[in-house]
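Coordinate analysis (summary)
Each chain is listed here by its residues.
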Amino acid sequence: MTPSAEAILELRQVSARYGRAQVLRDVDLTVRRGETVALLGPNGAGKTTLLRSAAGLTTTSGGSVRLRATDVSRRRPHQRARAGLCLVPEGRGVFPSLTVAENLRLQRGRGEALDLVYDAFPVLAERRDQRAGLMSGGQQQMLALARCFTAEPAVVLLDEVSMGLAPLIVDEIFAALKKLAASGVALLLVEQYVSKALEMADRVYVLDRGRVSWTGRPDETSEADLMRRYLAVQV
Ligand code: ATP
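Residues numbered from 1 in each chain as written. Predicted model: local features only at pLDDT ≥ 70, side-chain atom pairs only at ≥ 80, totals over all residues. Heavy atoms only, no water.

**Regarding the packing of helix α6 (residues 137-150) against helix α7 (residues 167-182)**
Each pair of packed helices can be summarised by the angle the axes make with each other and by the distance between the axes. Two numbers describe how α6 lies on α7: the axes approach to 10 Å, and their chain directions differ by 15 degrees. Classified by the angle their axes make, α6 and α7 are roughly parallel. Helix-helix and strand crossings are classified by hand; for α6 and α7 the assignment is right-handed. Judged by residue contacts, Gly138, Gln141, Met142, Leu145 and Phe149 of α6 engage Ile169, Glu172, Ile173, Leu177 and Leu180 from α7. Class assignment of the residues belonging to the contact of α6 with α7 gives a composition of seven nonpolar, two polar and one charged. (Axes fitted to C-alpha atoms, helices over the stretch in contact; angles between N-to-C directions. Helix = DSSP H or I, 4+ residues; strand = E, 2+ residues; numbered from the N terminus. Parallel < 35°, antiparallel > 145°, perpendicular 65-115°, else oblique. Left-handed = near helix turned anticlockwise from the far one by under 90°. Contact = heavy atoms within 4.5 Å. Nonpolar A, V, L, I, M, F, W, Y, C, P; charged D, E, K, R; others polar.)

Given below as structure tokens:
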């Protein structure tokens, strides 16, 4: 990824509110082709709202959202999905009564995308005929991710994919995400494990009370520095 690579997702001066509470304030954020961007911030900073605003699930009160240089601010969520954006929300987005293979077949996409996904998550290939609802929480999370990547998106937005999972499973998921990112998909990652996010990201944004309080490359900061200065955690 080069700094001049094409912008895939661009938020310009985005604001959002719930009733009278302003949750995002003039947020500028760019994810470029092939780039992994981490979005960090304390609880309630507005991270989920930012992902939802990009996906069209939360109505913004100002600013614009661009996907591959097209202004999609007025487009509905399914139109943004068709334009190449996929959101993996917190919690699991799979059909429990369908098998792994059926869950994946519901997505558009060519066979190569499916091969890539099975290569990144071998356990899904082994269990392709198993009902999703009978798998462990970690495997269901993998399937939720796999569904997104099977649709051959340009950018995937991930909301705390590690939430509630055992450390070994989290390692497995991040290893798979690295493989999938290497195939050229841009990622915007909200993550509670700061170390994991810094290890994987090309760039980081920190959100605090709805504003970007820091942005830079992981090698320009450290986990301890971010935690102390921006995430209100004593280290
Ligand atoms: P967390 O890490 O706790 O998930 P976050 O950074 O993702 O936090 P958001 O979930 O975007 O933050 O929430 C930002 C603020 O907006 C919080 O104060 C939250 O209480 C509030 N909020 C979120 N969703 C709604 C809603 N549907 N209606 C009203 N207020 C909301």
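Moving on from the model shown.
**Focus on the sheet that holds strand β4 (residues 62-67)**
Judged by pairing direction, the sheet is antiparallel, and its four strands sit side by side in the order β2-β1-β4-β5 without closing on themselves. Each end of this open sheet is capped by a strand with a single partner; those strands are β2 (21-32) and β5 (70-71). Across eight bridges, strand β1 (residues 7-18) lies against β2 in antiparallel orientation. By the bridge assignment for β2, Leu11 is matched with Leu29. Each of β1, β2 and β4 is contacted by helix α1 (residues 47-55), which is oriented at about 115 degrees to β1, the strand it contacts most. (Pairing = 2+ DSSP bridges.)

**Topic: the packing of aromatic side chains**
Per the stated rule, a full pass over the model turns up zero aromatic pairs. In this arrangement the basic side chain of Arg128 is found over the ring face of Tyr118, its NZ or CZ atom lying 4.4 Å from the centre. (Phe/Tyr/Trp six-rings, centres within 6.5 Å; stacked < 30°, edge-to-face > 60°. Lys NZ or Arg CZ within 6 Å of the ring centre and 35° of its normal.)

**Focus: the nonpolar core**
In terms of nonpolar packing, the biggest core is built from 37 residues, with Phe121, Leu124, Leu158 and Leu177 touching the most fellow members. At the level of elements, β6 (85-88), α3 (100-105), α4 (111-120), α5 (122-126), α6, β7 (155-159), α7 and β8 (186-190) are the ones that each hand at least two residues to this core. Those residues within four positions of Leu158 in sequence are excluded, and the remaining contacts are Leu51, Val88, Leu145, Leu177, Leu187, Leu188, Leu189 and Val190. With 28 residues, the next largest nonpolar core counts Leu24, Leu29, Ala45 and Leu67 among its residues. (Core = buried A, V, L, I, M, F, W, Y, C linked by side-chain atoms within 4.5 Å. Buried < 20%, exposed > 50% of the residue type's maximum accessible area, 1.4 Å probe, protein only.)

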